[in-house]
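Each chain, written out:
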Amino acid sequence: MTLREKILEIIRLALTADETILPQDELDNITDIILRADELSAMASEIFGDTGSTFISEIVSLFARLPIAAPLKDVFPKATNLVAFLNLANQLDPDELTEEVPAELGTLFVREAALEAFSKSGDRLKLFVYEHPTNFNESVALLDFSNGFEIAPNSANFPHTMAACVAIQAGLETVDLTGKGWIVSSVEDEQRRLFYCKYHVLLAGHLLTNPVFAPSTLALQGIAETLRTAEEYNQFSEAFEILGEINSRTTVLDTLLSCYHVLENYMIRAQIVKVVGRNNASMLFGIRNFKQMEIAVEKKEMAHLSQLISESWQKQIGIQTFRDYVRDRFDALFHDSAFVADDFHDFMEKLTVKPNGQRLNLGNLNEACDLLPKLLYQIRCSIVHNKETEFHLSNRELNVATVLMTLVDLCLPTMQRLAFGLPSVPAPNPLLYARPVLRLY
């Protein structure tokens, strides 16, 4: 029997009523439904191609006509997953289904799986099929029916032999597939099966967690009005290139990292500005000065970030000082109706911003502001580092509302305000060189 013949056989069997289960009077009430099912059974080949969606709609409408006293399983006992099966079969090209049903089909089974996967566009991956080129038993498929059976046209590029087998197994399955995710595989162990499928999903370029997109920022309001044509913004050529990278980012985590890259540039630049500023313009910039520069930048990154933020607190960015802006962000976060204090404290502990058992006083905004440098630094580390002993911040953690709010309502706007706004600050600007060149011998 070919794959195509097997698919048509499943449709015909599923639309064949079992007239031995229900009492005769109840059967008499649904005679027209049974007769229509016979008609549709004869039209089974319409599942392929452009007529498929109409055929599926006819089946769905037919089953909807069944009265409560005559449930589907009592009238059409082999139609439990017919709609899911038809949606899968409709994706197949009948010209690709001329080969015989593989002998290994019986080794594949359908098992429930707690697995979500996404395409790079952010769409949920409802169907994924991998077919091993030489060993059919190594093939695997993911079916996600958690949000219905519909599979968008052209959404699944899959090998037709394995895809047909997946459809067939779904059609033969007696357990209702509705509303859940499933793996079709020959692997019996649940964990091995789950992670075998995950690995193939990743190798195919898909995602296990959907990226969280960064909202449009309001953090830059009021900065443009403070710019002056007389200022030498040409000093910030490198910084502007990195700021452009921030604007190209679309997700929360990527935007956070790009913002931090700008601040890294500022941290070191601020130290060099100090050394250059201490040197008289008329004097040569000598070896001793270069040694001072080396000493100035050799401190640990956390110390540099703390110093940069400390020197920026009272700088006017837009209509308010940076410190007032940060206080407003903390205050808005803590008073948001969706904010959950326990989740926030748990996040601070995971980041090691606060030691276990110690909690930030949410009523003390000064204490909260003092926490900012370490918070930003640890967020950066938790995204970049992925050591066994460290908390790793991924898109999955952003499913916690308070964690996401902390990042997009506090950290992102704060970093954007400083990254984009600090070059706008007039002298004394911690990033502004006092002269364009150094006198060297």
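In what follows, the accompanying structure is described. Quick caveat, the model's predicted, so the values are computed rather than measured. (Residues numbered from 1 in each chain as written. Predicted model: local features only at pLDDT ≥ 70, side-chain atom pairs only at ≥ 80, totals over all residues. Heavy atoms only, no water.)

Looking only at helices and strands, the protein features 16 helices and six strands. Classification of the 441 residues of the protein by burial places 47% in the buried group. Considering only contacts in the protein between residues 6 or more positions apart, those separated by 24 or more positions represent 75%. As presented, the protein carries roughly 22300 Å² of accessible surface, and 51% of it is formed by carbon and sulfur atoms. (Helix = DSSP H or I, 4+ residues; strand = E, 2+ residues; numbered from the N terminus. Buried < 20%, exposed > 50% of the residue type's maximum accessible area, 1.4 Å probe, protein only. Contact = heavy atoms within 4.5 Å. Areas by Shrake-Rupley, 256 points an atom, 1.4 Å probe, with all protein chains shown as cover.)

Of all the five residues making up strand β4 (residues 181–185), five are buried; the element is thus mostly covered by neighbouring parts of the structure. Alternating positions in β4 separate into two faces, Gly181, Ile183 and Ser185 on one and Trp182 and Val184 on the other, with burial throughout. Relative to β4, strand β1 (residues 109–112) runs antiparallel, the two sharing four bridges. For Phe109, the partnering residue across the bridge sits in β4 and is Ser185. For strand β3 (residues 140–144) and β4, the ladder comprises four bridges, and the chain directions are antiparallel. Across the sheet, the residue bridging to Leu142 is Ile183, located in β4. (Pairing = 2+ DSSP bridges.)

Quick look at the pattern of salt bridges now. Per the counting criterion, the structure on display carries 12 salt bridges. Here Asp144 makes a salt bridge to Arg124, at a shortest N to O gap of 2.6 Å. Taken together, the residues span a long stretch of sequence, with Asp144 in strand β3 and Arg124 in the loop between β1 and β2 (127–130) at a distance of 20 residues. Residues joined in a network through salt bridges with shared partners are Arg36, Glu39 and Glu58. (Salt bridge = Lys/Arg side-chain N within 4 Å of Asp/Glu carboxyl O.)

It is worth spelling out the nonpolar core at this point. Of all hydrophobic cores here, the largest spans 63 residues; its most connected members are Leu256, Tyr266, Phe334, Ile379, Leu393 and Leu407. Sorting the residues of this core by element identifies α9 (237–248), α10 (252–278), α12 (301–312), α13 (322–334), α14 (341–350), α15 (365–384) and α16 (401–421) as the ones contributing at least two each. Not counting chain neighbours up to four residues away, the residues in contact with Leu393 comprise Leu253, Phe347, Ile379, Ser382, Ile383, Leu398, Val403 and Leu407. Membership of the second largest hydrophobic core comes to 58 residues, among which are Ile7, Leu22, Leu143 and Phe149. (Core = buried A, V, L, I, M, F, W, Y, C linked by side-chain atoms within 4.5 Å.)

Backbone torsion omega between Ala427 and Pro428 reads 0 degrees, so that peptide bond is classified as cis. In the Ramachandran plot, Thr352 falls in the positive-phi region, its phi being about 65 degrees despite a non-glycine side chain. By the secondary structure assignment, Thr352 is in the loop between α14 and α15.

With that out of the way, let us pick up the packing of aromatic side chains. Scanning the entire structure with this criterion turns up eight aromatic pairs. Residues Phe63 and Phe76 carry aromatic rings whose centres are separated by 5.7 Å and whose planes lie at 40 degrees to one another, so their mutual orientation is tilted. A residue pair is termed long-range when its members are at least 10 positions apart, and Phe63 in helix α4 (residues 52–64) and Phe76 in the loop between α5 (72–75) and α6 (82–89) qualify at 13 residues. As far as burial versus exposure is concerned, Phe63 and Phe76 are alike and both buried. Ring geometry for Phe334 versus Phe344: centroids 5.5 Å apart, planes at 75 degrees, classification edge-to-face. Of this pair, Phe334 sits in helix α13 while Phe344 sits in helix α14, placing them 10 residues apart in sequence. Each of the two residues, Phe334 as well as Phe344, counts as buried. Members of the aromatic cluster, each reached through a chain of ring pairs, are Phe330, Phe334, Phe339 and Phe344. Just above the ring of Trp313 sits the side chain of Arg323; from NZ or CZ to the centre is 5.0 Å. (Phe/Tyr/Trp six-rings, centres within 6.5 Å; stacked < 30°, edge-to-face > 60°. Lys NZ or Arg CZ within 6 Å of the ring centre and 35° of its normal.)

Taking 1.5 Å per residue as the helical rise, helix α3 (residues 31–42) with its 12 residues ought to reach 16 Å, and the 17 Å between its terminal C-alpha atoms agrees with that figure. Taken residue by residue, α3 has Ile33, Ile34, Ala37, Leu40 and Ser41 as its buried positions. For α3, the buried positions fall inside an angular range of 120 degrees around the axis, keeping them on one side. In the core, the buried residues of α3 are packed alongside α1 (3–14), α2 (24–29) and α4. (Expected span 1.5 Å × (residues − 1). Arc of directions from axis to C-beta.)

Another point: the environment of Leu35. Here Leu35 shows up in helix α3. The exposure class assigned to Leu35 is partly exposed, which follows from its relative accessible area of 49%. For Leu35 and Ala17, which are 18 residues apart along the polypeptide, the C-alpha to C-alpha distance reads 9.3 Å.

Attention now moves to a negative patch on the surface. A cluster of like negative charges, contributed by Glu5, Asp93, Asp95, Glu96, Glu99 and Glu100, occupies part of the molecular surface. Note that Asp95 resides in the loop between α6 and β1. Residue class for Asp95 comes out exposed when judged on its relative accessible area of 63%. (Patch = residues over 30% accessible without salt bridge, like charges linked within 9 Å, V, L, I, M, F, W, Y side chains within 5 Å. Lys, Arg positive; Asp, Glu negative; His and termini not counted. Charge placed at Lys NZ, Arg CZ, Asp CG, Glu CD.)

Read across the sheet, four strands follow the order β1-β4-β3-β2 without closing on themselves; strand pairing throughout is antiparallel. Each having just a single partner strand, β1 and β2 make up the two edges of the open sheet. Each neighbouring strand pair of the sheet contributes to a mean axis angle of 20 degrees, computed without reference to strand direction. Along the sheet, helix α7 (residues 160–172) makes contact with β1, β2, β3 and β4, crossing β3 at roughly 55 degrees. (Axes fitted to C-alpha atoms, helices over the stretch in contact; angles between N-to-C directions.)

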